[in-house]
Amino acid sequence: QKEVEQDPGPLSVPEGAIVSLNCTYSNSAFQYFMWYRQYSRKGPELLMYTYSSGNKEDGRFTAQVDKSSKYISLFIRDSQPSDSATYLCAMNENRDDKIIFGKGTRLHILP
Amino acid sequence: ETGVTQTPRHLVMGMTNKKSLKCEQHLGHNAMYWYKQSAKKPLELMFVYSLEERVENNSVPSRFSPECPNSSHLFLHLHTLQPEDSALYLCASSQLGGTEAFFGQGTRLTVV
């Protein structure tokens, strides 16, 4: 079983829809969970960062972590065409540990 | 711009060539990383430098040779590469104990 599983997509949704992106993982020691966004021809940039279980909201973005199910989600409300990008989940056990990335999900928001 | 600059942006090289990728960060970070991003695969960590010392080498073939002359610069020296080494090579930096890795825009490498 891979450490981090993420559906590569592509996922196409109409503008204004709620988007749900998900990852599952196998290592119960992961404590720090991140979502990175990568636009075409750019490097990834950190979008959301959460520690342990729970929710975190930032504008239109909400990150959820369910450690009991080893499942994390990123929700995007009122999606915009500018949200079209690849979204990578990432996690590690401790802050200075190497970060394990998912494959990334390609998201297209259709105008 | 994230504060991490990679050059060149694109590189085409033959299997017998020697080339180097360069990464520069002006964020005052003390850790730097090389990642490989291939189509349909997760980001693969190749090398980690912490306080200018290599702390991790993720079973990377010796045809990839990193160099970190100071905390602001990181190089990846390439020689006798294979076509399957074609990928996007990303450099990142972070502050140890911090929460975010900042990535450069990457070098798109094609080995012919």
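The structure under discussion appears in the preceding block.
In this report, the structure presented in the accompanying data block is examined. (Residues numbered from 1 in each chain as written. Chains lettered and ligands numbered in written order. Predicted model: local features only at pLDDT ≥ 70, side-chain atom pairs only at ≥ 80, totals over all residues. Heavy atoms only, no water.)

**Thoughts on the interface of chain B and chain A**
We count it as follows: Contacts were defined at the residue level, with two residues in contact if any of their heavy atoms lie within 4.5 Å. The term buried area denotes the loss of accessible surface (1.4 Å probe radius) that occurs when two parts are joined, taken as the sum for both partners. Any Lys or Arg side-chain nitrogen located within 4 Å of an Asp or Glu carboxyl oxygen qualifies as a salt bridge. As used in this structure description, the phrase polar contact means that two N or O atoms lie within 3.5 Å; if the pair is within protein, one of them must be able to donate a hydrogen and the other to accept it, and residues adjacent in sequence are counted only when both atoms belong to side chains. In this description a helix means any DSSP run of H or I spanning at least four residues, a strand means any run of E spanning at least two, and both kinds are numbered starting from the N terminus. Note on residue classes: Ala, Val, Leu, Ile, Met, Phe, Trp, Tyr, Cys and Pro are nonpolar, Asp, Glu, Lys and Arg are charged, and everything else, Gly too, is polar.
Opposite the 21 residues of chain B that make contact, chain A presents 17 residues. Between chain B and chain A, a total of about 1,600 Å² is buried, with carbon and sulfur atoms accounting for 54% of that surface. At the junction of chain B and chain A, the tally comes to zero salt bridges. Connecting chain B to chain A are three residue pairs in polar contact (both at pLDDT 80 or more). Within the residue set of the side of chain B that touches chain A, elements represented by two or more residues are strand E4 (31–37) and strand E9 (87–94) of chain B. Looking at the side of chain B that touches chain A residue by residue, the classes come out as nine nonpolar, seven polar and five charged.

**A closer look at the pattern of salt bridges**
Side chains that carry opposite charge are capable of pairing whenever their charged atoms lie near each other. To keep it simple, the criterion reads: Any residue under 20% of the maximum accessible area for its type is buried, any over 50% is exposed, and the rest in between are partly exposed; the area is computed with a 1.4 Å probe on protein chains only.
The full count for this structure, using the stated rule, is five salt bridges over all chains. Arginine 60 of chain A is the partner of aspartate 83 of chain A in a salt bridge, and the nearest nitrogen-oxygen pair spans 2.8 Å. Of this pair, aspartate 83 of chain A sits in the loop between strand E8 (71–76) and strand E9 (85–92) while arginine 60 of chain A sits in the loop between strand E6 (54–58) and strand E7 (61–66), and the two are 23 residues apart along the sequence. The class for aspartate 83 of chain A is buried, based on a relative accessible area of 2%. For arginine 60 of chain A, a relative accessible area of 25% puts it in the partly exposed group. The residue arginine 63 of chain B makes a salt bridge to aspartate 85 of chain B at a minimum N-O spacing of 2.7 Å. With arginine 63 of chain B in the loop between strand E6 (53–57) and strand E7 (64–70) and aspartate 85 of chain B in the loop between strand E8 (73–79) and E9, this residue pair connects regions lying 22 residues apart in the sequence.

**Let's talk about the sheet that holds strand E3 (residues 19–25) of chain A**
All names here are of chain A. In plain terms, the rule: DSSP bridges decide pairing: two strands pair if at least two such bridges lie between them.
With respect to topology, five strands assemble into an open sheet ordered E1-E3-E8-E7-E6, the strand pairing being antiparallel. In the strand order of this sheet, the two ends are held by strand E1 (4–5) and E6, each with one partner. Pairing analysis gives five bridges linking E6 to E7, with the strands arranged antiparallel. Looking across to E7, one finds that glutamate 57 is bridged to threonine 62.

**Topic: the nonpolar core**
As a reminder of what qualifies: Here the nonpolar core consists of buried residues drawn from Ala, Val, Leu, Ile, Met, Phe, Trp, Tyr and Cys, with membership extended through side-chain atoms lying within 4.5 Å.
Judged by nonpolar contacts, the single largest core of 24 residues is most densely connected at Val4, Trp35, Ile72, Leu74, Tyr87 and Met91 of chain A. Every element with two or more residues in this core is listed here: E3, strand E4 (32–38), strand E5 (45–51), E7, E8, E9 and strand E11 (105–110) of chain A. Setting aside residues no more than four positions away along its own chain, leucine 74 of chain A makes contact with Val19, Ser20, Leu21, Trp35, Leu47, Met48, Phe61, Thr62, Ala63 and Tyr87 of chain A. Formed by 22 residues, the second largest nonpolar core is a distinct cluster that contains Leu74, Ala87, Tyr89 and Val111 of chain B.

**Concerning the sheet that holds strand E3 (residues 18–25) of chain B**
All names here are of chain B. Selection criterion: Under this scheme, a helix contributes an axis fitted over its contacting stretch, all axes are lines through C-alpha atoms, and angles between N-to-C directions fall in the 0 to 180 degree range.
Pairing within the open sheet is antiparallel, and its four strands lie in the order E1-E3-E8-E7. Looking at the sheet topology across the chains shown, the edges are occupied by strand E1 (4–7) and E7. This sheet shows a mean twist of 20° between the axes of neighbouring strands, independent of strand direction. Judged from the four bridges that link them, E1 and E3 form a sheet pairing that is antiparallel. Paired with threonine 5 across the strands is glutamate 24, a residue of E3.

**A word on the state of the cysteines**
What counts, and what does not: Throughout, a disulfide means two cysteine sulfur atoms within 2.5 Å of one another.
Enumeration according to the criterion identifies two disulfides over all chains in this entry. The partner cysteine of cysteine 23 of chain A in its disulfide is cysteine 89 of chain A, sulfur to sulfur 2.0 Å. Here the disulfide of cysteine 23 of chain A and cysteine 89 of chain A is left-handed, its torsion about the S-S bond being about -100°. Placement of cysteine 23 of chain A in strand E3 and of cysteine 89 of chain A in strand E9 is noted, with a sequence separation of 66 residues between them. A single burial state applies to cysteine 23 of chain A and to cysteine 89 of chain A, both of which are buried. One disulfide bridge connects cysteine 23 of chain B with cysteine 91 of chain B, the sulfur atoms lying 1.9 Å from each other. Across the S-S bond of cysteine 23 of chain B and cysteine 91 of chain B the torsion is about -70°, and the bridge reads as left-handed. Placement of the pair is cysteine 23 of chain B in strand E3 and cysteine 91 of chain B in strand E9, with a sequence separation of 68 residues. Overall, the relative accessible area of 0% leaves cysteine 23 of chain B in the buried class. With a relative accessible area of 0%, cysteine 91 of chain B lands in the buried category. Cysteine 68 of chain B takes part in no disulfide bond, and the closest cysteine sulfur to it belongs to cysteine 91 of chain B, at a distance of 9.1 Å. Looking at cysteine 68 of chain B, the relative accessible area reads 12%, which means it is buried.

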